[in-house]
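One letter stands for each residue in the lines below.
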Amino acid sequence: MKLAVLGRLLSVGRAVLAALRGSLGALCWSLAPLSLSLSLPGWRDSAPRPEQEREGEDAPPTPTSVNYHFTRQCNYKCGFCFHTAKTSFVLPLEEAKRGLAMLKEAGMEKINFSGGEPFLQDRGEFVGKLVQFCKQELELPSVSIVSNGSLIRKQWFEKYGEYLDILAISCDSFDEDVNILIGRRQGKKNHVENLHKLRQWCREHAVAFKINSVINRFNVEEDMNEQIKALNPVRWKVFQCLLIDGENSGEDALREAEKFVISDEDFDRFLDRHKDVSCLVPESNQKMRDSYLILDEYMRFLNCRNGRKEPSKSILDVGVEAAIKFSGFDEKMFLRRGGKYVWSKADMKLDW
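Because the structure is a prediction, the values reported are computed rather than measured.

Give me the packing of aromatic side chains: which residues, what numbers.
The final tally for this structure, using the stated rule, is 14 aromatic pairs. For the ring pair Tyr-341 and Trp-343, a centre distance of 5.6 Å and an interplane angle of 70° mean the geometry is edge-to-face. Ring pairs connect the aromatic residues Phe-119, Trp-156, Phe-157, Tyr-160 and Trp-201, which therefore count as one cluster. For the cation-ring pair, Arg-235 lies above Tyr-341, with the distance from its terminal atom to the ring centre recorded as 3.6 Å. In this arrangement the basic side chain of Arg-337 is found over the ring face of Tyr-292, its NZ or CZ atom lying 3.8 Å from the centre.

Pulling in residues and values, what's your account of unusual backbone geometry?
The omega angle of the peptide bond from Gly-115 to Gly-116 is 15°, so this bond is cis rather than trans. Along the chain, Gly-116 falls in the loop between strand 2 (110-114) and helix 4 (125-137). Residues other than glycine seldom take positive phi values, yet Met-299 does so here, at roughly 60°. Turning to its location among the elements, Met-299 is positioned in the loop between strand 8 (293-295) and strand 9 (300-303).

Go over the pattern of salt bridges with me, naming the residues and quoting the values.
Overall, the coordinates contain 20 salt bridges when judged by the stated rule. A salt bridge links Lys-237 to Glu-283; the nearest nitrogen and oxygen atoms lie 3.2 Å apart. Here Glu-283 lies in strand 7 (residues 280-283) and Lys-237 lies in strand 6 (residues 235-240), a separation of 46 residues in the sequence. Between Glu-283 and Arg-337 there is a salt bridge, and its shortest N-O distance comes to 3.3 Å. One end of the pair, Glu-283, is in strand 7; the other, Arg-337, is in the segment after helix 13 (331-336), with 54 residues separating them in the sequence. One exposure class covers both Glu-283 and Arg-337, and it is buried.

Reading the values: the criteria
Residues numbered from 1 in each chain as written. Predicted model: local features only at pLDDT ≥ 70, side-chain atom pairs only at ≥ 80, totals over all residues. Heavy atoms only, no water. Phe/Tyr/Trp six-rings, centres within 6.5 Å; stacked < 30°, edge-to-face > 60°. Lys NZ or Arg CZ within 6 Å of the ring centre and 35° of its normal. Helix = DSSP H or I, 4+ residues; strand = E, 2+ residues; numbered from the N terminus. Salt bridge = Lys/Arg side-chain N within 4 Å of Asp/Glu carboxyl O. Buried < 20%, exposed > 50% of the residue type's maximum accessible area, 1.4 Å probe, protein only.

Listed below in C-alpha cells is the structure:
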C-alpha cells in the first residue's frame, strides 16, 4: 500500500516538473526579444529561436529549380560541351527517385533533366519514368528535359508527354554544315529537320517547346531571326560559350573548347542582331556560372565558382541542406537572370 502511494506521488512529481519546464520554456521564449535567457542544469531549451537570433546566420539556399545531369554519356561530340562523358555511371532508378523526393521536401518546384543525352539511357525509358514520378507522385509544378533531340521517338510522347511541361532542344545553328563543325550530328540525320519534327510532336502532345543555343566562334555571325520566329518556342535560351576547367578546358579535359570562345562584345552583337525576337533569353558567362543548381550523376551539387566543377557530398548521403551549402549557388543571381518564370504548362497560355 505504501509503495503504491509512493508511486503515485512520484508520478505527480514528474508531472509537476514537466509543467514547470514547459512554463519556463515559454517564459524564456517571451523574454528572448529582450535578450534575456534562463537555463536550468541538465535542461536544453528545444523551443525555436526567434528571427532576431537567426538574422546573422547564413541560411542555405532553397533548391527551387534543380538541373539533374543524371548521365554524362552522349551520342554527340559538341566541341564546347561542359558536362562531358568522364564516367558512365547512372544511379539506379529507385535511388534517383529517393533523391528527387528529398529535393521536393527541401522546396524544389522545378526539375530539369539533362546530360549527356537523357534519352540515351534505356532508350528514353529511364528519363520517362523520372518525369512521370516527378509530375504524378511528387506533383512538381514544372518538369523539363534538355536534349539534342536525336533519339526521341513519337512513342515516347504518347507514353510520357502528359507528364512533361517543357522540352528544350539544343540547336546552335540552322546551317547543317555549322552543326557538323560543332559536333552536333550523328550519322546522316539532319539536325534542323529533326528540330521541326520535334516541334510538331510537342504541339500535338501539349508539351511546351524551347530552344537552347550556345553562341560560339562558328555561329556568332549567323542571323537566326527568321527560323526562330517560325518555330515559335516559348523560350529561346541563348548562352555564351563557357570554359570549365577539367571538362572542356585544361589538361584533364575531354574537350578543347578554347577555339569556340567568343568575347563579351561578340556575344552582345549577336544579341543585338536578335533583339526583336520576343522569346529571347540571353545568358552571359557571368550570369550562368553561379546561378544554376547542378546535380551530377551521383546527386552531388557542382560548385563552378572557381572555374571547375567541384562536387559536394551526395544528397543521398548527407541530405539536401548539408550538400547545398557547398553548391556555390547564387540565389540572387538566379532571380536576376529570370530563373523563376511561368514554367508549368498548365499556366502557359499556349495554342496547343
